[in-house]
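# An overview of the molecular structure
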Amino acid sequence: MDTRLLRTLQVLARTGSFTATAAELHVVQSTVTTHIKLLERHLGARLFDRLPTGARPTEAGERVLAAAQEVLAAEQRLLDTVQGTPAVAGDVRLGAPESVCAYRLPAIIADLSRRWPGVTVHLTPVGTRRALDAVHDGALDLALVLEDEPPSTTLDAAPVGTERIDLVAAPDHPDTGRYFLLEEGCSYTDRFARELSGAHPTRFGSIEAARSCVVAGLGLSVLPRVSVADQLAAGTLRSVAELPESTLYLVTDPRRTASAAVRVVRQALKAVTA
């Protein structure tokens with residue numbers, strides 16, 4: 001099988017667009033269409049649904065994506081063997097919580113880009129459950145998760161740092177009242193919610209939404225210190241209480257052999273919050 005077809009498959013699954021895939025691979029759009037059709041014909045299954053919102057992998061497509069990663073990794077190992085020195089280049093798919101994506105990873109990824117220009121990190125904001133599933137299924141190479149204890153999984157989870165967590169409010173807001181918390185599945189907010197007696201918190205899918213409501217004086221929230229540091233310094237927020245820290249774990253799949261690109265990214269993530 002021509003492994004170029006598998007690379008096209010990977011990029012299309014990530015971008016969801018034939019046009020964007022063609023641009024990234026430096027080919028014309030018809031080439032992307034041809035690659036996918038050839039792959040579907042060879043495997044005897046429809047791999048993508050062509051929807052108005054973009055191309056989305058079918059169930060068969062998701063299974064092929066996981067296997068394709070193994071084939072491409074094996075190809076890279078073969079090339080490394082012939083060339084003698086592993087080529088540090090390739091795509092690395094990394095998932096992490098929103099706060100880590102926004103406040104911890106940009107500097108690390110920028111440094112990686114300078115040191116290893118052939119390595120491209122594709123960053124996806126994702127919660128713990130989806131991150132674990134994606135690493136297990138091969139949709140992500142690496143993931144960072146914020147948890148109170150190591151996640152229960154067959155995957156490897158190594159601690160790489162901690163995040164300080166604060167209960168925050170506007171300067172003139174009382175220490176109790178309405179709460180704006182992140183959606184269920186966020187370990188530190190779920191822990192706090194369990195301790196609330198009789199309160200029914202409003203759940204948000206983003207830190208920005210919860211923080212904006214608190215700055216406006218509408219209630220309180222539980223957020224990582226790094227995500228409210230500027231507001232605390234400016235005095236638009238105050239820390240009502242410092243809560244127990246959450247641990248940041250680096251999740252990998254021990255069944256898979258990491259490429260050189262994945263290895264250098266993994267090494268860079270060993271001290272995310274340092």
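It should be noted that the structure appears before, not after, this text.
In what follows, the accompanying structure is described. (Residues numbered from 1 in each chain as written. Predicted model: local features only at pLDDT ≥ 70, side-chain atom pairs only at ≥ 80, totals over all residues. Heavy atoms only, no water.)

### Quick word on the side chain of Ser 227
Let me state the cut-off plainly: Under the DSSP-based scheme used, a helix requires at least four consecutive residues in state H or I and a strand at least two consecutive residues in state E, with every element numbered from the N terminus. Whenever a nitrogen or oxygen atom comes within 3.5 Å of another N or O atom, the pair is scored as a polar contact, on the condition that within protein one atom can donate a hydrogen and the other can accept it, and that pairs from neighbouring residues in sequence are kept only if both atoms are in side chains. What makes two residues a contact is simply this: any of their non-hydrogen atoms within 4.5 Å.
Its place among the elements puts Ser 227 in helix H10 (residues 225-234). Here Pro 224 takes part through its backbone oxygen, which lies 2.8 Å from a polar atom of the side chain of Ser 227. Among residues more than four places away in sequence, those in contact with Ser 227 are Tyr 103, Ile 207 and Arg 211.

### What about the packing of helix H1 (residues 3-15) against helix H2 (residues 18-25)?
Heads up, the condition is: Interaxial angle, 0 to 180 degrees, is taken between N-to-C directions of lines fitted to C-alpha atoms, where a helix line uses only the stretch in contact. Here the word oblique covers every angle except those under 35 degrees (roughly parallel), over 145 (roughly antiparallel) and from 65 to 115 (roughly perpendicular). We call a crossing left-handed when the near helix sits turned anticlockwise from the far one by less than a right angle, and right-handed when that turn is clockwise. Classification used: nonpolar for Ala, Val, Leu, Ile, Met, Phe, Trp, Tyr, Cys and Pro, charged for Asp, Glu, Lys and Arg, polar for all others including Gly.
Closest axis-to-axis distance for the H1/H2 pair is 9 Å, and the angle between their directions is 130 degrees. By the angle between their axes, H1 is oblique relative to H2. Crossing of H1 over H2 shows right-handed handedness. Contacts between H1 and H2 pair Thr 8, Val 11, Leu 12, Arg 14 and Thr 15 from the former with Phe 18, Ala 20, Thr 21, Glu 24 and Leu 25 from the latter. Here the contact of H1 with H2 is built from residues that sort into 5 nonpolar, 3 polar and 2 charged.

### Re helix H3 (residues 29-43)
The condition is simple: To estimate the expected span of a helix, count its residues, drop one, and scale the result by 1.5 Å. Residue exposure (1.4 Å probe, protein chains only): buried if accessible area is under 20% of the type maximum, exposed if over 50%, otherwise partly exposed. This arc is taken over the directions from the axis of the helix to the C-beta atoms.
Here H3 spans 22 Å end to end across 15 residues, near enough to the 21 Å set by a 1.5 Å rise per residue. All of the buried residues along H3 are Val 32, His 35, Ile 36, Leu 39 and Glu 40. Looking down the long axis of H3, one finds its buried residues gathered within 125 degrees of arc, a one-sided arrangement. Across from the buried face of H3, at angles greater than 90 degrees, the exposed residues are Arg 41 and His 42. In the core, the buried residues of H3 are packed alongside H1, H2 and strand S1 (48-51). Gly 44, located one to two residues past H3, shows a positive phi value of around 70 degrees.

### A word on the environment of Arg 211
Relative to the assigned elements, Arg 211 resides in helix H9 (residues 207-215). Taking relative accessible area as the criterion, Arg 211 reaches 9% and is therefore assigned buried. Distance from Arg 211 to Leu 181, taken between C-alpha atoms, is 9.2 Å for residues 30 residues apart in sequence. Contact partners of Arg 211, with chain neighbours within four places excluded, come to Tyr 103, Leu 223, Ser 227, Val 228, Gln 231 and Leu 237. In terms of polar contacts, Arg 211 uses its side chain to reach the backbone carbonyl oxygen of Ser 227, at 2.6 Å.

### Thoughts on the packing of H1 against H3
In a packed pair of helices, the relevant descriptors are the angle between the two axes and the axis-to-axis distance. Between H1 and H3, the least distance of the axes is 9 Å, while the angle of their chain directions is 110 degrees. In terms of orientation, H1 and H3 fall into the roughly perpendicular class. Contacts between H1 and H3 pair Arg 4, Leu 5, Leu 6, Thr 8, Leu 9 and Leu 12 from the former with Val 32, His 35, Ile 36, Leu 38 and Leu 39 from the latter. When the residues that make up the contact of H1 with H3 are grouped by side-chain class, the tally is 8 nonpolar, 2 polar and 1 charged.

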